[in-house]
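Observations on chain architecture
Single-letter residue listing:
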Amino acid sequence: MKDYKRVKDPIYGYIKIPVTYMTNIVDTAVFQRLRRVIQTSYSPLYSSAVHNRFVHSMGVFYLGELTVNQLIKEVREKVNSSMDLEGIGELFKLACLLHDIGHAPFSHTGEGFYLGRDHDYSQLHNKLIETIGNENFSKDIPKDSSSAAAPHEIMSAIIGILEFEMFFDSVEQKEFFARCITGYKYSEGTIDNNIKNCFISMLNSKVIDVDKLDYLIRDAYITGFDTVNIDFERLLSSLTISKDNGKYKIAYYKNAISVIENVVYAHDAERKWIQTHPVVLYEAYILQHIISYLSEKIDDN
C-alpha cells in the first residue's frame, strides 16, 4: 500500500501528499473549507481568477518539499550540527500545508476583522502564545504592529496547532511550526536556531519564499496575465546557505541569478498592475464596508 496519494495540479503535475496528511488534515472540514475561500480578489478584473486557498496550499506544500530536500543536503555539507534535520523538515512541510488554514472569507479582504475595531494585535498574539505554551516566545514578537505578521498568518498558526495537535510532540515543535507561518525568527543566536531561521525564511520572507513563488506562478497562470517565466526548479535546486557575520543565511548559487531577477520582476508587476488596480481595490472596499455594517447590526461587540 502506498504511503502517499497523488493530486493532479495544473502547475506542477502530480503532487504527492502523505496518506497521514490526506486523512488527518486534507480530508477534514477545517481544511476542506479552503476550497471555498478564493485565493485572490482579482476576479472583477480577471474573470478566470477563481482559484482557491485549497489548491494554493497544495502547491506551497509541493515547493516546500523541494526546498526541504535541497536545504537539508546543503546544511549537512556545510554545518556541523547534530540537530534533527528530518524532523525540522517535516514540521516545515506541515507549516507549508497549513500556512493559510486560518484565512477568513474573501481572503485578505476579510482578515483585518480578526483584529477588531482598534486594529490591536495583542489579543491575537496572546492567543498564539497561549496555544504554543511558551511565554518566552513573546520576546520575538514585534512590538510595532507594522512589523507584525498578517492576521491570517497568526490565526493559521493558532488553528494549525489546536486542530492538528496530533502532529506535535513538544512545545518546541509547536513553536517552530508557528514561527514558520508567522515569520517570527529566533533571536537567540545558536547555530541550531540559525538553521531554523533559514527554514522559516523559506516560507515567510520579504523577498523569495515558497508561498510567494506559488502564488506568483499560479496567479499568472489562472489570470492569463503575461509575466516572466519563473523556473522554480532551477531556483530551488540552487538553494544553499552562506555564513555572513557569523550567522548562516539563505543564499543561492550564481546559476539562479536570472530566476531571482524574474521573481522580483513578477512580484512587482503583480502588485503594480493587479493588486493595486482600482477595480480590485474598489471591490475590496465594498466588501469591507458590508462586513463592517453587518458586524455592527449583528453584534455591537
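Here the structure is shown first, and the text comes after it.
Residues numbered from 1 in each chain as written. Predicted model: local features only at pLDDT ≥ 70, side-chain atom pairs only at ≥ 80, totals over all residues. Heavy atoms only, no water.

The next point concerns the side chain of His152. As for its placement among the helices and strands, His152 is situated in helix H7 (residues 151-163). For His152, a relative accessible area of 5% puts it in the buried group. Apart from residues no more than four positions distant in its own chain, His152 is found in contact with His99, Asp100, Gly102, His103, His108, Glu111 and Tyr114. (Helix = DSSP H or I, 4+ residues; strand = E, 2+ residues; numbered from the N terminus. Buried < 20%, exposed > 50% of the residue type's maximum accessible area, 1.4 Å probe, protein only. Contact = heavy atoms within 4.5 Å.)

Further remarks concern helix H12 (residues 257-275). Taking 1.5 Å as the rise per residue, H12 with 19 residues should run 27 Å; its terminal C-alpha atoms sit 26 Å apart, in good agreement. For H12, every residue scored as buried is listed here: Val259, Val263, Ala266, His267, Ala269, Glu270 and Ile274. Looking at the buried positions of H12, the neighbouring elements they touch are helix H10 (210-223), helix H11 (232-237) and helix H13 (278-298). (Expected span 1.5 Å × (residues − 1).)

On the surface, a cluster of nonpolar side chains totalling about 770 Å² of accessible area is made up of Tyr282, Tyr285, Ile286, Ile290, Tyr293, Leu294 and Ile298. Among the structural elements, Tyr282 can be located in helix H13. Owing to a relative accessible area of 55%, Tyr282 belongs among the exposed residues under this scheme. (Patch = residues over 30% accessible without salt bridge, like charges linked within 9 Å, V, L, I, M, F, W, Y side chains within 5 Å. Areas by Shrake-Rupley, 256 points an atom, 1.4 Å probe, with all protein chains shown as cover. Salt bridge = Lys/Arg side-chain N within 4 Å of Asp/Glu carboxyl O.)

Non-glycine residue Ser107 carries a positive phi angle of around 50°. Within the secondary structure layout, Ser107 lies in the loop between helix H4 (85-98) and helix H5 (108-111). Of the residues examined, Ser107 reaches a relative accessible area of 2% and is grouped as buried. In the Ramachandran plot, Asn245 falls in the positive-phi region, its phi being about 55° despite a non-glycine side chain. In this fold, Asn245 is placed in the loop between strand S3 (239-244) and strand S4 (247-252).

Here we take up the pattern of salt bridges. Inspection of every chain in the model, using the stated rule, returns 15 salt bridges. Put simply, Asp9 and Arg218 hold a salt bridge, and the shortest N to O gap is 3.0 Å. With a gap of 209 residues between them, Asp9 in strand S1 (residues 4-9) and Arg218 in helix H10 connect regions that are remote in the sequence. Classification of Asp9 by relative accessible area gives buried; the value is 5%. Counted as one network, the salt bridges with shared partners bring together Asp9, Asp214 and Arg218.

Right, let's get into the pairing of S4. Relative to S4, S3 runs antiparallel, the two being bridged by six bridges. Directly across from Ser242, in S4, lies its bridge partner Lys249. (Pairing = 2+ DSSP bridges.)

Attention now moves to the packing of aromatic side chains. A full pass over the atoms with the stated rule returns nine aromatic pairs. Between Tyr12 and Tyr62 the ring centres are 4.8 Å apart and the planes differ by 20°, which places this aromatic pair in the stacked class. Here Tyr62 lies in helix H3 (residues 53-78) and Tyr12 lies in the loop between S1 and strand S2 (13-18), a separation of 50 residues in the sequence. Each member of the pair, Tyr12 as well as Tyr62, is classed as buried. An angle of 65° between the planes, with centres 5.9 Å apart, marks the rings of Phe92 and Phe199 as edge-to-face. Here the residue Phe92 occupies a position in helix H4, and Phe199 occupies one in helix H9 (residues 191-201), the gap between them amounting to 107 residues. Overall, the relative accessible area of 0% leaves Phe199 in the buried class. Over the aromatic face of Tyr14 sits the side chain of Lys8, whose NZ or CZ is 4.5 Å from the ring centroid. (Phe/Tyr/Trp six-rings, centres within 6.5 Å; stacked < 30°, edge-to-face > 60°. Lys NZ or Arg CZ within 6 Å of the ring centre and 35° of its normal.)

This part covers the pairing of S2. Note that S1 and S2 share six bridges and pair antiparallel. By the bridge assignment for S2, Arg6 is matched with Lys16. In this antiparallel pair of consecutive strands, S1 and S2, the connection spans three residues.

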